[in-house]
Amino acid sequence: PPPVPPPVPPPVDPRSWVTKTHEPGYCALYDICGHRKDGDVLPCPNNTKAQPPSDVLAKKLQATCPSLWSEQGGAAGHYCCTPQQVDKLATDTSKVAPFTVGCPACLHNFIQLWCVLTCSPDQATFLNVTSVQLAADNNVTAVQQVDIWMNQDFTDDLYNSCKDVKYGAANLPAMNFIGGGAKNGQEWLEFLGEVKDKRRPPVGSPFQQNFNPTGNVTPPDIKPAVENLPSCGDSLFMCSCADCPVAPGCAVPPPAPPPGDHRCMAGAITCWDLTLILTYIGLVAGCGAYAWHFRRRQQEGLQLEQNLGLEAEEPLLGMSAEDPTIGSSVAATAASNGAAGEVDIYDGDGINAESEPLPGDVHYPWLERKMQQAYTQLGEFCAQRPMHVTLAGVVLIGFCLLGLTRFQLETNPEHLWVGPSSRAAQDKANYEASFGPFYRVSQLILSTTLQSQSKYISTSGLPAIVTDDNILLLFQMQAKVDALRGAYTNSTSQNAEAALTDVCFKPFGTACATQSVLQYWHMDRALYESEQKKSPYAVKLSPDYCFGHWATQCRSAFEAPIDPHVVLGGFSTGPDFRNYSADTTAFVVTYPIDSSPANRAAALAWEEAFVQLAKTELSSMAAAAKLSLAFQAERSVEDELKRESYADASVVAISYLVMLGYIALALAALPPPQQLLQVFVLSRASLGAGGVLIVASSVAGSLGLCSMFGMWSTLIIMEVIPFLVLAVGVDNMFVLAHALARQDPTLPLVTRAGLALGSAGPSITLAASCEVLAFGLGSLTPMPAVRNFSLCAATAVLLDFILQVTVFMALLVLDSKRLQQSRLDCLPCIRVPYRDATGQWVYDDVSEDPEDEESTLLGSSGPGGHGPRNDGWSLAGVTSRLKGLAGSRGNQGSGTADPGEMYYAPQQELSPTAAAEGSGSVGATATNGSTAPETSQEIGASGTTMGSAAAATGGRARDRPSNGGSMFTPAAAIPGVTKSGPGLLHGDKLSLQALLQAYMERVHAPLLMNPLVQLVVVAVFITGLFVAAALIPRLSVGLDQAVALPRDSYLQTYYRDVMSYLRVGPPLFLVVEGVNVSAAAPDINKLCSVAGCNQDSLSVRVSEAALSPASTYIASPAASWVDDFLSWINPSLPKCCRLNPDDSPQLGPPGSRCPPPDQPPCSTNASLCAACQSCLSELPVGGRPHAAQVSKFLPWFLESVPSEGCAKGGAGAYNSALQKDNNDPTGIAGLSQGMITASAFRTYHTALNRQHDFIAALSAARSFTEQASRNLGIRVYPYSVFHIFFEQYLNTRRDAALLVGLPLLAIFSICWLFTSSLWGSVILLVMLLSLMIQLAGAMYMAGIEVNAVSLVNLAMALGIAVEFCAHILHSFCVSHGSRVARAKAALVKMGAPVTSGITLTKFAGVVVLAFARTQIFEVYYFRLYLALVILGAAHGLVLLPVVLSRIGPPSWSDRKVAASPTSMELEPSRSLGVQGEQTIAREDAAGRLPAVAATGMAATAAALTSGSGQQQIID
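Cut-offs used in this document
Residues numbered from 1 in each chain as written. Predicted model: local features only at pLDDT ≥ 70, side-chain atom pairs only at ≥ 80, totals over all residues. Heavy atoms only, no water. Helix = DSSP H or I, 4+ residues; strand = E, 2+ residues; numbered from the N terminus. Buried < 20%, exposed > 50% of the residue type's maximum accessible area, 1.4 Å probe, protein only. Areas by Shrake-Rupley, 256 points an atom, 1.4 Å probe, with all protein chains shown as cover. Axes fitted to C-alpha atoms, helices over the stretch in contact; angles between N-to-C directions. Parallel < 35°, antiparallel > 145°, perpendicular 65-115°, else oblique. Left-handed = near helix turned anticlockwise from the far one by under 90°. Contact = heavy atoms within 4.5 Å. Nonpolar A, V, L, I, M, F, W, Y, C, P; charged D, E, K, R; others polar. Pairing = 2+ DSSP bridges. Salt bridge = Lys/Arg side-chain N within 4 Å of Asp/Glu carboxyl O. Polar contact = N/O pair within 3.5 Å; in protein donor to acceptor, adjacent residues only side chain to side chain. Disulfide = S-S within 2.5 Å. Phe/Tyr/Trp six-rings, centres within 6.5 Å; stacked < 30°, edge-to-face > 60°. Lys NZ or Arg CZ within 6 Å of the ring centre and 35° of its normal. pLDDT = per-residue confidence, 0-100.

A. Quick peek at the overall build of the protein. Looking only at helices and strands, one finds 51 helices and 26 strands in the protein. In the protein, buried positions account for 58% of the 1515 residues. Accessible surface, the protein as shown: approximately 59700 Å² in total, 59% of it carbon and sulfur.

Here it is, written out as structure tokens:
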């Protein structure tokens, strides 16, 4: 039959609904007149008198509005409501109870508000009906709009009692749910009174209620409602300090200052900066005063000389004006010799600047003498048996390489930067042992662009993303992800495929816990589309509706609430925020993946497929919609770091090749145009390759040894150590090659090798010992990656040192033999001819035992040929020769130079003059016309002293004759070019080593000894030191993820969007261990924050910390299972904890859990649950359940699914909040014994967008839990997924001090041990400290952050810095003379090897890194290494010589020793004194045998003939 139309109401006065009487005792509304279309009831506009209560009304008012009932006199009072209105009031207010039950005052006041508005007998005095409507169900006139006036105190008291109440399950204020986030009482009332028709979706009041519509002005007939409401701190309705910070005893501490504000400040600058400025000013003033005083004294001295009639003479280059006699004498002698004259560099005392104490001299420290002796013997051994030595080195490295069978490459950041004994690692292990591993995360961020279409523009200027089209696009993407399969091999070695449902994290065991805006529609597109088709007046799950009801109606498919802050992004968090729909610019989709070990293979396979899908199809879909897509998986960082290494492998390889090419170039020489074929002999690429192979073997051997002892390697080790060892090794290569080249080429190769290693070995040992010990001490750091790097670096440097002084020395000897025999580089079986003095192509004659290391080029019978071997080169013959040389200073051919002073090429050379005259033997006619004897005895007697042999040295010719128009400038005309004749190197040749040597001798050393230059150098370095010291505190700590990844990585976009769009920080878990749940124990009250809890409980502390997020980095109160469980079991929420007293097939035996009425089976069969009753009729004494009650009801709470009927259920929110134990009857570890072994309280950090934020958040979390543990007497520790990655930065300063400070002290000790010079060791320590400080300042200027990578590089930098400085210092100590002379000598001897061996080698390799595709190479390697090379060279080659020339330690030759036979025998070398040395210098300038060489050879002969003959010379 057709529906019966509603009855027609009788005619009424159209104005009868107007509230005419506004007097006490009158109502404005009374009873219910009908319903809206959506079913909500509408009250009647009825300006009638208040009525006495019926029995039914009295009962209901006592239950629902007890305060109003009492105020109005109970049954004697009158009321403006009916029982039906009270029922509706009770139903509506019960929905708010789950949010406010923890604060009784708030819940009481909220209910009292509606009791007054609905039932007050004076309703008409504060309420006026302004419009009516016809009810949809009966056409009866009903209320449409009312005006309500409330006293300001009433409004404020109501709001203040609820504004701080927390809803624990969501970690949000309850006001967000019950007040729309209102900021004051008026806003809250307006939210409560707004009619639902004005909202989309329509949620709110069934009719419009305008609160205080006239503002502060009240109409004449109106009297605002007045009500005395209890505060949240009222003793009868006491709330916890978390919900009521203003309660007695709950004073909130003042917010802590933001991190960094605790620094000492002096106005606008820090105290540190002020201290540096004042110190610098004082230092400059002091230096200025000293300079003025020095200049004044100098002027007084000049005036005194003029008064005495002394004439100052211009000193020769390298001469001092302190002794004009020497200067004028040497200059005159040089002038008399003309072009053939040659002088050495002398200091102001006339002492040879490059001379050193004689070998075996007791002035050497004991350790130095022993090392000289040992290295001389080792050098001779290597020269005599080069193949055996090389084979032994191969065997050593082969043994080390056996360890590579256990090689492990660690790429897991957790294992790299945090040791297993660290606090973060222990906290992570404890958390995972209690609650299981934290899930893995894959994520999509879909955001709008300027081209996107939307009806809203967000406050950021980008279009809003919440549109129907974009949500549907997200459903399409989700369908692609759901259909995704990743292939892998399962545990049974069978091929399998993993889908999202196979690998996802499932808190309920069935549905994936995907965090997505789509969860509001249970990830179901059909549900979404059907909801959007509903009538505008129907309640539909629209985005707007779910953004406001996410904790109740719009729960996820896995029954947990989805906070919009988690799934939406880009909206403003400031006061300009409007709503999510208008301001959201990004959807954030998070896929938690099960991280259990059994699921790892499947998870990795699915993540790989997910990344590939996102790169291709999903990105294309987003681009087509004019959106941007960023994505990542848990494995992404590790995969991209691996790809990074491969991406720049070619750049690193090119860098090594460039260094290899440079080494070959630097060791080689360039022949003149007429001898171009010799370029294939002089290239020495094979020697360079052998040296680089030694470096590579050292690195590989160190990795093998470390692996042999169970150490894993890292990519940093494989990238940094080769650079380190290459720098150290190449430097040693050049030092050894330079030392061999400095030896007298007339000596046998075996002897020269022993002398070279004896000379360079102690210096190399000093540097290597400092480096090995420095890196060894670096292993004390607790950071595993840095510790392993330090150990591997120390091992690599040690292996390289061993191979350099043995294998490379053997290779150097073999290469020298190859050069002597003019054999092709890399193909030594092929000999290359050269043009002799007559222009004929000839070969060296090697018929006389070419493999004999002691064969020489002396005694040849013709041009380019060799005569029989001279037996005078036996040990006795050498001794006799040297004695004869020492005893004779006869006439020599012109153009000779001091063999100990000149730079020799790495092979023997014969002068063209000698060759032209046929002087191929000792017996040939010398250039001065005298005949040289043929035997060593004759040499000693005749005084000719090896005229042609001296000519054969081809040393540093300083004469400058005209080149006669030759196309190739003669050797005598340009620095760095040596002169040679028939033999090995034919004609003039040019080499980088020679150029550097000439530069050091003729330009660099003299320039640095200029007082004005020294003043500038010191001023520049001191200024740089102070600037760097000021910059060090400004260094940032951390490692930007974008820098650590390739520039083309998809993670670059992801990290950018994370920083831009995410509005929630990482979860923070506060884990409490050992909670006693007995009512007699205080533990529960130490944790909870509901009424009756301790005022300083853990939850209260978290709430207080959330009030100061800038310093605590805690964004919200904790999700406290204790609070929600106590509320859930409270009888005031009768729909939550319910039990069935009867036996029921559906519900179980008597005493079984009964779900809330709105959940099945109760929602589908109300009669089934009719007998259900509250678990507790009333709370036990003390308000806390007993241990037995907790043991029974706590598991129920964890199974209870939240719903509108009971939003306090623990399922979902607290699934992982308590440690589970299947062996415990309750399923909760320890609960059956009255204890909870471990439980977690979840909160969130603030949005962390910078490295500093993560570090500060970790530090703040630890400080918070440490204080809570001390004050509460229970153990609390923090855990978050990022803690283990950022713990390293908490101790960066400690690690830096450990990696730099201890090695510096070790280097100081080693230097003191080796040099026996405390002052020299202090100088080295100061140099290294200055270099490291200035390098740190350069890091700030280059934008380099302090992290593990930079700490590793700093440790490496310290090792290389030793190479820059140690050789110069050692050479300075070895030399004798004045400080200026010894500083010159150190630069001349070691400047070129250091420059070519470290500076230019590293510079060549580092420049290539500037082209790396990965920013970490460009930032942390190129920039840092370039700064290291520049600063290291500046300190070692500029500042250190200047400091040594002024305040350097005494020479070893100045040490006082006791007289002994040995010292007396060697003393003649010292007996000449200053005047004797001056005479020798003048004789040397006239062309006679250099005194130092003669005395040195004499001392050598004495050393060789005395004792066992084992003491050898070193230079």
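B. Focus on the packing of helix H44 (residues 1292-1315) against helix H45 (residues 1318-1341). Remark: H44 packs on H45, axes separated minimally by 8 Å, with the N-to-C direction vectors making an angle of 150 degrees. Accordingly, the angle class assigned to the pair H44 and H45 is roughly antiparallel. Relative to H45, H44 is oriented so that their crossing is right-handed. Here Val1300, Leu1304, Ile1307, Phe1308, Cys1311, Trp1312 and Thr1315 of H44 come into contact with H45, specifically with Leu1318, Ser1321, Val1322, Leu1324, Leu1325, Leu1328, Leu1329 and Met1332. Among the residues forming the contact of H44 with H45, the class breakdown is 13 nonpolar, 2 polar and no charged.

C. Summary view of the pairing of strand S14 (residues 586-593). Burial within S14 is extensive, with 8 of its 8 residues counted as buried. Both faces of S14 are covered, namely the face carrying Ala586, Val588, Thr590 and Pro592 and the face carrying Phe587, Val589, Tyr591 and Ile593. Across 8 bridges, the pairing between strand S10 (residues 440-448) and S14 is antiparallel. Looking at S14, one finds that Arg440 is bridged to Ile593. Sheet topology note: the strand S13 (residues 568-569)/S14 ladder contains 2 bridges and is antiparallel. Note on S14: the bridge partner recorded for Leu568 is Phe587.

D. Layout of the packing of helix H28 (residues 749-778) against helix H46 (residues 1348-1374). Interhelical geometry of H28 versus H46 gives an angle of 155 degrees and a closest axis separation of 9 Å. Taken together, the axis directions place H28 and H46 in an arrangement best described as roughly antiparallel. Crossing of H28 against H46: the hand is right-handed. Contacts between H28 and H46 involve Pro762, Ser763, Ile764, Leu766, Ala767, Cys770, Glu771 and Phe775 from the former and Ala1355, Met1356, Gly1359, Val1362, Glu1363, Ala1366, His1367 and His1370 from the latter. Broken down by class, the residue content of the contact of H28 with H46 amounts to 10 nonpolar, 4 polar and 2 charged.

E. Representation of the sheet that holds strand S22 (residues 1138-1140) in the model. What the 3 strands build is an open sheet, ordered S23-S22-S24; its pairing is antiparallel. A single partner strand is all that each edge strand has here, and the edge strands are strand S23 (1152-1154) and strand S24 (1173-1174). In the sheet, S22 pairs with S23 via 3 bridges, with the strands oriented antiparallel. Paired with Arg1138 across the bridge in S23 is Cys1154.

F. Region of interest: the pattern of salt bridges. Taken as a whole, this structure holds 23 salt bridges when the rule is applied. Glu608 is the salt-bridge partner of Arg635, the closest N and O atoms lying 3.9 Å from each other. On the criterion of sequence distance, the pair formed by Arg635 in the loop between strand S15 (627-632) and helix H23 (636-647) and Glu608 in helix H22 (residues 600-624) is long-range, its members being 27 residues apart. Close ionic contact of Arg1056 with Asp1057 constitutes a salt bridge, the shortest N to O distance being 3.1 Å. Bridged by salt links that share partners, the residues Arg684, Asp815, Arg818 and Asp825 form one connected network.

G. Molecular detail of the environment of Arg1184. With respect to the helices and strands, the residue Arg1184 is situated in the loop between S24 and helix H41 (1187-1199). Put simply, Arg1184 and Asn1130 are 54 residues apart on the chain and 9.4 Å apart in space, counted from C-alpha to C-alpha. In this structure the side chain of Arg1184 is engaged in a polar contact, spanning 2.8 Å, whose partner is the side chain of Asn1085.

H. Region of interest: the pairing of strand S1 (residues 29-35). One ladder, built from 4 bridges, connects S1 with strand S2 (residues 41-45); its direction is antiparallel. Bridge assignment links His35 to a residue of S2, and that residue is Val41. Linking S1 back to S2 in an antiparallel pair, the connection comprises 5 residues, with Gly39 at a positive phi of about 100 degrees.

I. Structural view of the environment of Met809. Structurally, Met809 is set in helix H29 (residues 784-820). Its relative accessible area of 0% is what places Met809 among the buried residues. Sequence separation between Met809 and Leu378 is 431 residues, and the spatial gap between their C-alpha atoms is 9.4 Å. Apart from the residues within four sequence positions on either side, Met809 is in contact with Cys382, Leu736, Ala753, Ala756, Leu757 and Gln804.

J. Expanded view of the state of the cysteines. Here the structure, examined in full by the defined rule, presents 14 disulfides. Paired by a disulfide, Cys81 and Cys119 hold their sulfur atoms 2.1 Å apart. Since a negative S-S torsion denotes a left-handed disulfide, the Cys81-Cys119 link at about 110 degrees is right-handed. With Cys81 in the loop between helix H2 (66-71) and helix H3 (83-94) and Cys119 in helix H5 (residues 104-119), the pair connects residues that are 38 residues apart, well separated along the chain. For the residue pair Cys81 and Cys119, the accessibility class agrees, reading buried in each case. With a sulfur-sulfur separation of 1.9 Å, Cys103 is cross-linked through a disulfide to Cys239. Between Cys103 and Cys239, the S-S torsion sits near 75 degrees, and that sign places the bridge as right-handed. One end of the pair, Cys103, is in the loop between helix H4 (97-100) and H5; the other, Cys239, is in the loop between strand S7 (208-211) and strand S8 (265-266), with 136 residues separating them in the sequence. Here the two residues Cys103 and Cys239 agree in accessibility, since each one is buried.

K. Expanded view of the packing of aromatic side chains. Applying the stated criterion across every chain, the model contains 34 aromatic pairs. Between Tyr520 and Phe547 the ring centres are 6.0 Å apart and the planes differ by 70 degrees, which places this aromatic pair in the edge-to-face class. Residue Tyr520 is located in the loop between helix H17 (500-503) and helix H18 (525-532), and its partner Phe547 is located in helix H19 (residues 543-548); the two are separated by 27 residues in the primary sequence. Accessibility classification places Tyr520 together with Phe547 in one group, the buried group. Here a set of aromatic residues connected by ring pairs shows up, and it is made of Phe475, Tyr520, Trp521, Tyr528, Phe547, Phe571, Phe577 and Tyr580. The ring of Phe1372 has Arg1382 sitting right over it, with the charged end atom 3.9 Å from the ring centre.

L. Examining the sheet that holds S7 more closely. Judged by pairing direction, the sheet is mixed, and its 3 strands sit side by side in the order S3-S4-S7 without closing on themselves. The open sheet terminates on both sides in strands that have one partner only, identified here as strand S3 (127-134) and S7. Averaged over all pairs of adjacent strands, the angle between strand axes in this sheet comes to 25 degrees, irrespective of strand direction. Where strand S4 (residues 141-148) meets S7, 4 bridges bridge the pair, whose relative direction is parallel. Across the sheet, the residue bridging to Val146 is Gln209, located in S7.

M. Broad picture of unusual backbone geometry. With an omega of 5 degrees, the peptide bond between Pro1160 and Pro1161 qualifies as cis. By the element assignment, Pro1161 lies in the loop between S23 and S24. A positive phi angle is found at Asn139, which is not glycine, with a value near 60 degrees. Mapped onto the secondary structure, Asn139 falls in the loop between S3 and S4. Judged by relative accessible area, which is 36%, Asn139 ranks as partly exposed. We note that Lys626 has phi near 60 degrees; this positive angle belongs to a residue other than glycine.

N. Region of interest: the side chain of Ser1317. With respect to the helices, strands and loops of the structure, Ser1317 is situated in the loop between H44 and H45. With a relative accessible area of 9%, Ser1317 lands in the buried category. A distance of 2.9 Å separates a polar side-chain atom of Ser1317 from the backbone nitrogen of Gly1320. When near neighbours in sequence (up to four residues on either side) are disregarded, Ser1317 contacts Trp1312 and Pro1449.

O. Seen up close, the confidence of the model for the protein. Residues of the protein with pLDDT of at least 70 account for 78%, and the chain-wide mean is 77. Below pLDDT 50 for its whole length, residues 311-355 participates in 87 contacts with residues either more than four positions away or in separate chains. Overall, residues 1458-1515 carries pLDDT values under 50, and its contacts beyond four positions in sequence, including any with other chains, amount to 121 contacts.

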